[in-house]
Amino acid sequence: MKAIQYEIVKEIAVLSTSDSGYTKEINLISWNGKEPKYDIRSFSPSREKCGKGITLTADEAAALFKALQKKINSGD
């Protein structure tokens, strides 16, 4: 089985840090040399391990951003 490789092209933000030091981050990541995508997942303190996450194209990230803005601004 081929190992999955990733390159963090651009660090965007750390969303939270757990007591164990794992961070939940949003970054622009290239998986296996492919076009970078927005990526939300947790990383160990030295980034040797990462948890399950979600990757989004630029269009999907924009749609998520718009949906969150609408929900947050609605006061619900």
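Residues numbered from 1 in each chain as written. Predicted model: local features only at pLDDT ≥ 70, side-chain atom pairs only at ≥ 80, totals over all residues. Heavy atoms only, no water.

J.: Any details on the side chain of glutamate 25? Residues and values, ideally.
T.: As for its position among the elements, glutamate 25 is in strand 2 (residues 23-31). Here the side chain of glutamate 25 touches asparagine 27 through a polar contact of 2.9 Å, side chain to side chain. Not counting residues up to four positions away in its chain, the partners in contact with glutamate 25 are Ala13, Val14, Leu15, Asp39, Ile40, Arg41, Phe43 and Arg47. (Helix = DSSP H or I, 4+ residues; strand = E, 2+ residues; numbered from the N terminus. Polar contact = N/O pair within 3.5 Å; in protein donor to acceptor, adjacent residues only side chain to side chain. Contact = heavy atoms within 4.5 Å.)

J.: Got a sec to walk through the sheet that holds strand 1 (residues 6-17)? Specific residues and values, please.
T.: With respect to topology, four strands assemble into an open sheet ordered 1-2-3-4, the strand pairing being antiparallel. Only two strands of the sheet have a single partner each, and these edge strands are strand 1 and strand 4 (54-56). The sheet shows a mean angle of 25° between the axes of neighbouring strands, taken without regard to direction. Here strand 1 runs beside strand 2; their pairing, made up of nine bridges, is antiparallel. The partner of serine 16 across the bridge, within strand 2, is lysine 24. In this fold helix 1 (residues 58-74) packs onto strand 3 (37-43) and strand 4, with an angle of close to 105° to the strand it touches most, strand 4. (Pairing = 2+ DSSP bridges. Axes fitted to C-alpha atoms, helices over the stretch in contact; angles between N-to-C directions.)

J.: Got a sec to walk through the pattern of salt bridges? Specific residues and values, please.
T.: Inspection of the entire model under this criterion finds three salt bridges. Here arginine 47 makes a salt bridge to glutamate 11, at a shortest N to O gap of 3.0 Å. Of this pair, arginine 47 sits in the loop between strand 3 and strand 4 while glutamate 11 sits in strand 1; the two residues are 36 residues apart in sequence, bridging distant segments of the chain. Residue arginine 41 is joined to aspartate 39 by a salt bridge in which the shortest nitrogen-to-oxygen separation is 2.7 Å. A relative accessible area of 10% means that arginine 41 is categorised as buried. Assessed through its relative accessible area of 0%, aspartate 39 is described here as buried. (Salt bridge = Lys/Arg side-chain N within 4 Å of Asp/Glu carboxyl O. Buried < 20%, exposed > 50% of the residue type's maximum accessible area, 1.4 Å probe, protein only.)

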